[in-house]
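Examining the three-dimensional arrangement
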Amino acid sequence: METRKVQQTGGSTFIISLPKQWAEKVGIKTGMRVSLLTQPDGKLVIDPILEGQALKTKKIDITDCEGNALERDIIAAYIYGYDRIEFTSKRILSEQKQIIRKVCYKLIGPEIIEESANCVVIQDLLNPSELPIKKGVHRMFLITSSMQEDAIRALRTVDHDLALDVSQRDDEVDRLYLMISKQFRSVLCGGRIPDSSETSIEEYHDFRMAASPLERIADHAQRIANVASKLETAVRADVMEEIEDLSNTYMELVKQAMDSLYNADTPLANKVIDGINSMRPRVKELNASILNLESHETMISLGMVVDSLSRIGDLGSNIAEVAINSSIRDK
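Keep in mind it's a predicted model, so treat the numbers as computed, not measured. (Residues numbered from 1 in each chain as written. Predicted model: local features only at pLDDT ≥ 70, side-chain atom pairs only at ≥ 80, totals over all residues. Heavy atoms only, no water.)

Next up on the list: the pattern of salt bridges. Enumeration according to the criterion identifies 20 salt bridges in this entry. Its salt-bridge partner being E203, residue K134 comes within 3.6 Å of it at the nearest N-O pair. Taken together, the residues span a long stretch of sequence, with K134 in helix α4 (residues 133-157) and E203 in helix α6 (residues 201-230) at a distance of 69 residues. On the accessibility criterion, E203 (17% relative accessible area) is buried. The partner of E244 in a salt bridge is R156, with the nearest N and O atoms 2.6 Å apart. Here the residue E244 occupies a position in helix α7 (residues 237-262), and R156 occupies one in helix α4, the gap between them amounting to 88 residues. (Salt bridge = Lys/Arg side-chain N within 4 Å of Asp/Glu carboxyl O. Helix = DSSP H or I, 4+ residues; strand = E, 2+ residues; numbered from the N terminus. Buried < 20%, exposed > 50% of the residue type's maximum accessible area, 1.4 Å probe, protein only.)

Turning our attention to the side chain of S327. Relative to the assigned elements, S327 resides in helix α10 (residues 296-327). Relative accessible area serves as the criterion here: at 1%, S327 is assigned to the buried category. Side chain to side chain, S327 and T266 meet in a polar contact 2.5 Å long. Other than its neighbours up to four places away in sequence, S327 contacts A264 and T266. (Polar contact = N/O pair within 3.5 Å; in protein donor to acceptor, adjacent residues only side chain to side chain. Contact = heavy atoms within 4.5 Å.)

Another aspect to go through is the sheet that holds strand β8 (residues 119-124). With mixed pairing, four strands are arranged side by side in an open sheet as β5-β6-β8-β7. Only two strands of the sheet have a single partner each, and these edge strands are β5 (57-61) and β7 (110-115). Looking at each pair of strands side by side, their axes are set apart by 20° on average, direction ignored. When strand β6 (residues 84-88) meets β8, the two strands line up antiparallel, connected through five bridges. Each residue of the ladder has a partner; that of F87, found in β8, is V120. Contacts from helix α3 (residues 94-106) reach β6, β7 and β8 within the one sheet, and its direction differs from that of β7 by about 150°. (Pairing = 2+ DSSP bridges. Axes fitted to C-alpha atoms, helices over the stretch in contact; angles between N-to-C directions.)

Time to look at the nonpolar core. Formed by 86 residues in total, the largest nonpolar core has its most connected members in F87, L155 and I243. The element contributing the most residues to this core is α6, with twelve residues. In this view, I243 contacts I152, L155, L286, L302, V305 and L309; residues no more than four positions away in its chain are not counted. (Core = buried A, V, L, I, M, F, W, Y, C linked by side-chain atoms within 4.5 Å.)

Turning to a nonpolar patch on the surface, a few remarks are in order. Nonpolar side chains collect at one region of the surface, where V6, F14 and I16 lie side by side and expose about 330 Å² of accessible area between them. Relative to the helices and strands, V6 resides in the segment before β1 (7-9). (Patch = residues over 30% accessible without salt bridge, like charges linked within 9 Å, V, L, I, M, F, W, Y side chains within 5 Å. Areas by Shrake-Rupley, 256 points an atom, 1.4 Å probe, with all protein chains shown as cover.)

Below is the structure:
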């Protein structure tokens, strides 16, 4: 920690000197410009503006690297914050190129910009300011809510096509989640906050924490859709009505948890947690109703659905807890 004495020049301008060691490390020289970013908590971030700054590049030799291992390496490099990833090998296999293309589709920003027999280059073309973290998390919530609503509709109507559509939408939620993870890691490593005038580093942490349960809620919506895709006959009307009502109640509580996060509303967050805890007897009653069904396969399938609904409630509680921890700063 270094300190600097604030001085006044010209009668109205305050100045401080920059640490020489830091200036040399980041390439600042006399006459260069720096940007000053004001944080919501009153801090001032000094960021060097370096013209022609090289892209953060990672080179990966993918010889004998295939399948899930290659996919995990690409995602890891993306989350780490590399702007440009170069894959090299004496001969890049067609299967490896297909994996690279598939992962690019699963991520927001990276595109293949060069491709040859022994080299494939992808580059992140996304400007982080185009999708700030608060908008990204809100987008995750909207997609997740629509997935859950349609998954229950597919279960009620035995609509296999709608169930497939729900499963495919999970990819979009995953893409947003990985992008948010990348943004947060970049901020932790000292990167520029895209929406620094509206979002502090602490808020970045809180919204990254909220993105995780949203991604898992989408997974449970996909799980329910998978059950719906395998049904051959409609669920008994009275049981289906209980499932639908339970789903609607849980998703309304998740919505309220998100509202409490965006509005720093602690009373609402506590209300959500209490509401979710009070749902446990209803879950037990629904499980008891399912056990009275004649088909063992239907009993197992609907038991999975109710388990996912219960877990969605728990994840809603997690978001409400994040909201409480976040709003304590304003008290």
